Protein chains: 2
Amino acid sequence: MARPRKTVTLKEVAREAGVSISTVSRALNDQPFVRDEVRDRVLTASKALSYRPDVAARSMRTGTTGAVGLVVSDISNPLFAAIAKAADETLSPRGYALMIANSSNDASHEAELMRAFQQRRLDGLIIAAADEGAAGLAERIADFQAAVLLDRDVPEAQADSVLSDHRTGLTDALQHLVDLGHERIALITGTASQRGSRVRIQTYFDACRRLKVACEPALCRSEQMTVDDGYQSVSEVLDLPEPPTAIIAGNNQLFAGLFAAIRDRGLRIPEDLSIVACEETELTALHRPPLDVVRRDLAELGRAAAELLLERIDEPTRAPRQILLPTVFEARASSDRPPAELAA
Amino acid sequence: MARPRKTVTLKEVAREAGVSISTVSRALNDQPFVRDEVRDRVLTASKALSYRPDVAARSMRTGTTGAVGLVVSDISNPLFAAIAKAADETLSPRGYALMIANSSNDASHEAELMRAFQQRRLDGLIIAAADEGAAGLAERIADFQAAVLLDRDVPEAQADSVLSDHRTGLTDALQHLVDLGHERIALITGTASQRGSRVRIQTYFDACRRLKVACEPALCRSEQMTVDDGYQSVSEVLDLPEPPTAIIAGNNQLFAGLFAAIRDRGLRIPEDLSIVACEETELTALHRPPLDVVRRDLAELGRAAAELLLERIDEPTRAPRQILLPTVFEARASSDRPPAELAA
DNA sequence: ATTTAGTCTGCAATCGTTCTCAGAGAACGT
DNA sequence: ACGTTCTCTGAGAACGATTGCAGACTAAAT
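What counts and what doesn't
- Residues numbered from 1 in each chain as written.
- Chains lettered and ligands numbered in written order.
- Predicted model: local features only at pLDDT ≥ 70, side-chain atom pairs only at ≥ 80, totals over all residues.
- Heavy atoms only, no water.
- Pairing = 2+ DSSP bridges.
- Helix = DSSP H or I, 4+ residues; strand = E, 2+ residues; numbered from the N terminus.
- Axes fitted to C-alpha atoms, helices over the stretch in contact; angles between N-to-C directions.
- Least-squares fit on C-alpha atoms with pLDDT ≥ 70 in both.
- Contact = heavy atoms within 4.5 Å.
- Salt bridge = Lys/Arg side-chain N within 4 Å of Asp/Glu carboxyl O.
- Buried < 20%, exposed > 50% of the residue type's maximum accessible area, 1.4 Å probe, protein only.
- Buried area = accessible area lost by both parts, 1.4 Å probe.
- Nonpolar A, V, L, I, M, F, W, Y, C, P; charged D, E, K, R; others polar.
- 1 Å grid on protein atoms, 1.4 Å probe; cavity = no way out; pocket = protein on both sides within 12 Å on 5 of 7 lines; lining within 4 Å.
- Points joined across faces, edges and corners; volume = space filled by probe spheres on them.
- Right-handed = clockwise from strand over helix to strand, strands pointing away.
- Expected span 1.5 Å × (residues − 1).
- Arc of directions from axis to C-beta.
- Polar contact = N/O pair within 3.5 Å; in protein donor to acceptor, adjacent residues only side chain to side chain.
- Near = heavy atom within 4 Å.
- Phe/Tyr/Trp six-rings, centres within 6.5 Å; stacked < 30°, edge-to-face > 60°.
- Lys NZ or Arg CZ within 6 Å of the ring centre and 35° of its normal.

Digging into the sheet that holds strand β6 (residues 185–189) of chain B
Residue and element names in this part refer to chain B.
Part 1 of the argument: Pairing is mixed across the open sheet formed by six strands, whose spatial order is β7-β6-β8-β9-β10-β12. Bordering the open sheet on either side are β7 (220–222) and β12 (328–330), each of which pairs with just one other strand. Geometrically, the sheet is characterised by an average inter-axis angle of 15 degrees between neighbouring strands, direction not taken into account.
Part 2 of the argument: Across four bridges, β6 lies against strand β8 (residues 246–249) in parallel orientation. Bridge pairing links alanine 186 to isoleucine 247 in β8.

Comments concerning the relation of the copies chain A and chain B
Part 1 of the argument: Least-squares fitting of chain A to chain B yields an RMSD of 0.1 Å, with the transformation described by 0.0 Å of translation along the axis and a rotation of 180 degrees. Both chain copies can therefore be described as sitting about a two-fold axis.
Part 2 of the argument: Looking at the interface residues of chain A, 98% of them are also at the interface in chain B, so both copies use one shared face.

Regarding the pattern of salt bridges
Part 1 of the argument: Summed over all chains, the structure comprises 59 salt bridges over all chains.
Part 2 of the argument: Salt-bridge contacts for arginine 318 of chain A lead to aspartate 160 of chain A; the nearest nitrogen and oxygen are separated by 2.6 Å. Of the two residues, arginine 318 of chain A sits in the loop between α13 (298–314) and β11 (322–326) while aspartate 160 of chain A sits in strand β5 (residues 160–165), which places them 158 residues apart along the sequence. The pair arginine 318 of chain A / aspartate 160 of chain A is uniform in exposure class, with both members buried.
Part 3 of the argument: The partner of arginine 268 of chain B in a salt bridge is aspartate 272 of chain B, and the shortest N-O contact between them spans 2.9 Å.
Part 4 of the argument: By relative accessible area, arginine 268 of chain B is classed as partly exposed at 48%.
Part 5 of the argument: Look at the salt bridges and you will find they share partners, linking Glu132, Asp151, Asp153, Arg195, Arg198, Glu279 and Arg296 of chain A into a network.

Thoughts on the interface of chain A and chain B
Part 1 of the argument: Taken together, the 60 residues of chain A in the interface contact 60 residues of chain B.
Part 2 of the argument: Interface area, chain A with chain B, both sides summed: about 5400 Å², of which 53% is carbon and sulfur.
Part 3 of the argument: Run the count over chain A and chain B and you get six salt bridges.
Part 4 of the argument: The shortest N-O distance in the salt bridge between glutamate 112 of chain B and arginine 52 of chain A comes to 3.6 Å.
Part 5 of the argument: Elements with a contribution of two residues or more to the side of chain A that touches chain B: α4 (55–62), α5 (78–91), β2 (97–102), α6 (107–119), α11 (252–264) and α12 (282–286) of chain A.
Part 6 of the argument: The class makeup of the residues in the side of chain A that touches chain B is 31 nonpolar, 13 polar and 16 charged.
Part 7 of the argument: As judged from the three bridges shared by β2 of chain A and strand β2 (residues 97–102) of chain B, these two strands associate in the antiparallel manner. Bridge pairing in β2 of chain B places methionine 99 of chain A opposite methionine 99 of chain B.

Section: empty space enclosed by the protein
Taking a probe equal in size to a water molecule and rolling it over the atoms shows the remaining empty space.
Part 1 of the argument: Scanning the entire structure with this criterion turns up three cavities of 30 Å³ or more.
Part 2 of the argument: By volume, the largest cavity is sized at about 220 Å³.
Part 3 of the argument: Lining the largest cavity we find 16 residues, and of these Val55 and Thr65 of chain A together with Val55, Thr65 and Arg120 of chain B sit closest to its centre.
Part 4 of the argument: Every element with two or more residues in the lining of the largest cavity is listed here: α4 of chain A together with α4 (55–62) of chain B.
Part 5 of the argument: When the residues that make up the lining of the largest cavity are grouped by side-chain class, the tally is 10 nonpolar, four polar and two charged.

Re the pairing of β2 of chain A
Residues and elements named next belong to chain A.
Part 1 of the argument: Burial runs high along β2: six of the six residues are buried.
Part 2 of the argument: Along β2, one buried face is formed by Ala97, Met99 and Ala101 and the opposite face, lined by Leu98, Ile100 and Asn102, is buried too.
Part 3 of the argument: Where strand β1 (residues 67–72) meets β2, six bridges bridge the pair, whose relative direction is parallel. Each bridged residue has a counterpart across the sheet, and for leucine 70 the counterpart in β2 is isoleucine 100.
Part 4 of the argument: Assessed by its sense of winding, the connection that carries the chain from β1 through α5 to β2 is right-handed.

Describing helix α6 (residues 107–119) of chain B
All names here are of chain B.
Part 1 of the argument: Helix length check: α6 (13 residues) gives 18 Å between terminal C-alpha atoms against 18 Å at 1.5 Å per residue, within 8%.
Part 2 of the argument: Three or more residues of α6 are buried, namely Glu110, Ala111, Leu113, Met114 and Phe117. Looking down the long axis of α6, one finds its buried residues gathered within 160 degrees of arc, a one-sided arrangement.
Part 3 of the argument: Buried residues along α6 sit in contact with β1 (67–72), β2, β3 (124–127) and α7 (137–142).
Part 4 of the argument: The N-capping residue of α6, defined by a side-chain oxygen 2.9 Å from the backbone nitrogen of serine 108, is aspartate 106.
Part 5 of the argument: Looking one or two residues past α6, arginine 121 carries a phi angle of roughly 60 degrees, positive in sign.

What to know about the protein's contact with DNA strand D
Part 1 of the argument: Inspection of the region around DNA strand D gives 30 residues, with Thr23 and Val38 of chain A together with Leu10, Ser25 and Arg61 of chain B positioned closest.
Part 2 of the argument: Contacts to DNA strand D include serine 22 of chain A, whose side-chain N or O atom sits 3.3 Å from a base nitrogen.
Part 3 of the argument: In the model, a phosphate oxygen of DNA strand D is placed 3.0 Å from a nitrogen or oxygen of the aspartate 54 of chain B main chain.
Part 4 of the argument: At the level of secondary structure, the elements contributing two or more residues to the surface near DNA strand D comprise α2 (21–28) and α4 of chain A together with α2 (21–28) and α4 of chain B.
Part 5 of the argument: No other element matches the five residues that α4 of chain B contributes to the surface near DNA strand D.
Part 6 of the argument: Residues belonging to the surface near DNA strand D are distributed by class as follows: 11 nonpolar, 10 polar and nine charged.

A look at the side chain of serine 334 of chain A
All names here are of chain A.
Part 1 of the argument: Note that serine 334 resides in the loop between β12 (328–330) and α14 (339–343).
Part 2 of the argument: Take serine 334: its relative accessible area is 0%, and that puts it in the buried class.
Part 3 of the argument: Engagement of the side chain of serine 334 in a polar contact is seen with the backbone oxygen of isoleucine 275, the distance being 2.6 Å.
Part 4 of the argument: Discounting chain neighbours no more than four positions away, the residues touching serine 334 are Ile269, Pro270, Leu273, Ser274, Ile275, Pro290, Leu291 and Asp292.

A short note on the sheet that holds strand β10 (residues 292–295) of chain A
Residue and element names in this part refer to chain A.
Part 1 of the argument: On the basis of which strands lie adjacent, the open sheet formed by six strands has the order β7-β6-β8-β9-β10-β12 and mixed pairing. Edge strands, defined here as strands with exactly one partner in the open sheet, are β7 (220–222) and β12. Averaged over all neighbouring strand pairs, the angle between strand axes comes to 15 degrees, with direction disregarded.
Part 2 of the argument: Here strand β9 (residues 274–278) pairs with β10 via three bridges, running parallel. For alanine 277, the partnering residue across the bridge sits in β10 and is valine 293.
Part 3 of the argument: Sitting on the sheet, helix α10 (residues 227–238) touches β6 (185–189), β7 and β8 (246–249), and the angle it makes with β6 is about 160 degrees.

Thoughts on the packing of aromatic side chains
Part 1 of the argument: Overall, the coordinates contain four aromatic pairs over all chains when judged by the stated rule.
Part 2 of the argument: Relative to phenylalanine 205 of chain B, the ring of tyrosine 204 of chain B lies with its centre 5.2 Å away and its plane at 75 degrees, an arrangement referred to as edge-to-face.
Part 3 of the argument: What makes tyrosine 204 of chain B buried here is its relative accessible area of 0%.
Part 4 of the argument: Both rings, one in phenylalanine 255 of chain B and one in phenylalanine 259 of chain B, keep their centres 5.8 Å apart while their planes meet at 40 degrees; by these two values the pair is tilted. Placement of the pair is phenylalanine 255 of chain B and phenylalanine 259 of chain B together in helix α11 (residues 252–264), with a separation of four residues, close to one helical turn. In this structure, phenylalanine 255 of chain B and phenylalanine 259 of chain B share a single accessibility class: buried.
Part 5 of the argument: For arginine 288 of chain A, the ring lying beneath its charged end belongs to phenylalanine 259 of chain B, and the centroid distance is 5.9 Å.

Written out as structure tokens, the structure is:
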């Protein structure tokens, strides 16, 4: 850990090039009113000393940091990891660095993280807020010069957002199951304080009513989106006097819980129970038999969020934009006719 | 996006508390020589104005940023995502923010990322370098005040490192397969420029020789650790005149490729082929039948790396430390006796 | 009463940029 | 020849914190 390379500053480049500090700054920042001959001399000197502007100093002067924040509940969830990757791939070539933070789905911790990011003067924020209704959330978001919501509705924040059209994919999945003869279908999803789950719950009741199948609150579970909650919810639903013949899990964690629960009960897929996952994962993609899934392009989600953010950074007064991305139901081999019909 | 809240600085707190700027700074930083009564007044004023020190300004003065970088090949790989999460959970309570960057396993791109981090004056770096032998890597690492290598050997860097004991887990896996009667076992792993794969390759040849089973270079594939490479390598190995009866994949991506390849060939597990994965994932944990795996605690890896980094930040001159963490082979249901024996 | 030591506080320099402002030349028109 | 405009450059003031140094005040010791 030797520290021989002292950092080289504008002053040294200026001396090397035989000009003043301000001229060096102008030359390096592509500003007008610098003679070509001088600009060349500066560029040469800068290269020779391998000068790199100090981000902190620049940041103090300009108020920008060239860094943006990403707040999600859990970066180790492949869902958010995929989004983070795509966002980084969009931001990095534009010179922005990505700072991540895990809220653990705790609204007050999330608020603290946002304040910390604020203090670091990040140029923008991409956030999948834990609770859309948290007190002061809109203000905290608006405190950022630029902010993009990841599949969240916070109207008062007047922020840009990237949304998934959960309704279409889920409706198609329900239709598919009903077409197979299912009349009792359960939905396991997250709390209504996050748009994705809220939309799923609405869609579920709308579709079940329209398709004239069981539409009972007991079949629609809304808990935290953890593996354990998924396991628990599925267990309770299967212990109902009239259990469902098909279960849809609202995200990958819940699906993992669902999968573990039916494994522990020794249920066969799809003979004993039909299942559908929301979100494609390694498991749904590679399992044999392949698993039915409501897919969406997570990379596109991350990319779109990053692009919206860059747009807003460039043009802070632009009207808020929403981007709606599709979800697609893909039938594979984890759904079939319900057990009663198979027996008949 | 209203911007009403102008940032409140030391000056305003000083005015509010009726003292000078320096006194406020001292009071807030728990320095001696501040009367209790004054300190209280400052703290009250600070709270009233909800003062937050400007990170950029402090950074310029002190040279520290309270941020550390994490460089991995791909943050969307659950393996690195899990490490990132654990590292963040250790660093965040200590006031450090985490900046991530994806090298895409490209050594020159990685070098550029490190320079960018350097320029941001990050207080430390955690890195799973793409190529241990890359020119100048050791110097670039040493340029950081603190650095921790993630399962990499770069002796000249004199850096701290967290290593996995790949040998034990893999040896046990090979022993298990040989005990079952396998005499031709293939290993699909990454390039030797990364410690994990290098150790696996050595271990593979050592163990095969000792156990007196086939020890041919054709059965040991060393490529990039991507799903496609895994698929390709497995295909080629299975097309050999004498194909293996068991295959071990060196990481989760390669295992995904392996899994897809044998699915496409319609091979049954474990009747037609025994397989073992390195790294536990959703797939290996939840698949039915459950899959044999060489596990390690990724969270522990991330945590240990973060802790080593914090130690070194606090004590820059301390001698480099290595932490070796275990790997464990767990037999489940994806390995059995080879086809020939089963037929007999 | 007067030194002396010990506490406390404020002034001002500093970190490395960016950016305003003013001044120096050159070019040009009258 | 003399303004006027235009192009270029440098001096110096920010940005908001930390910190060395000197001075002021208090308390103790002579």
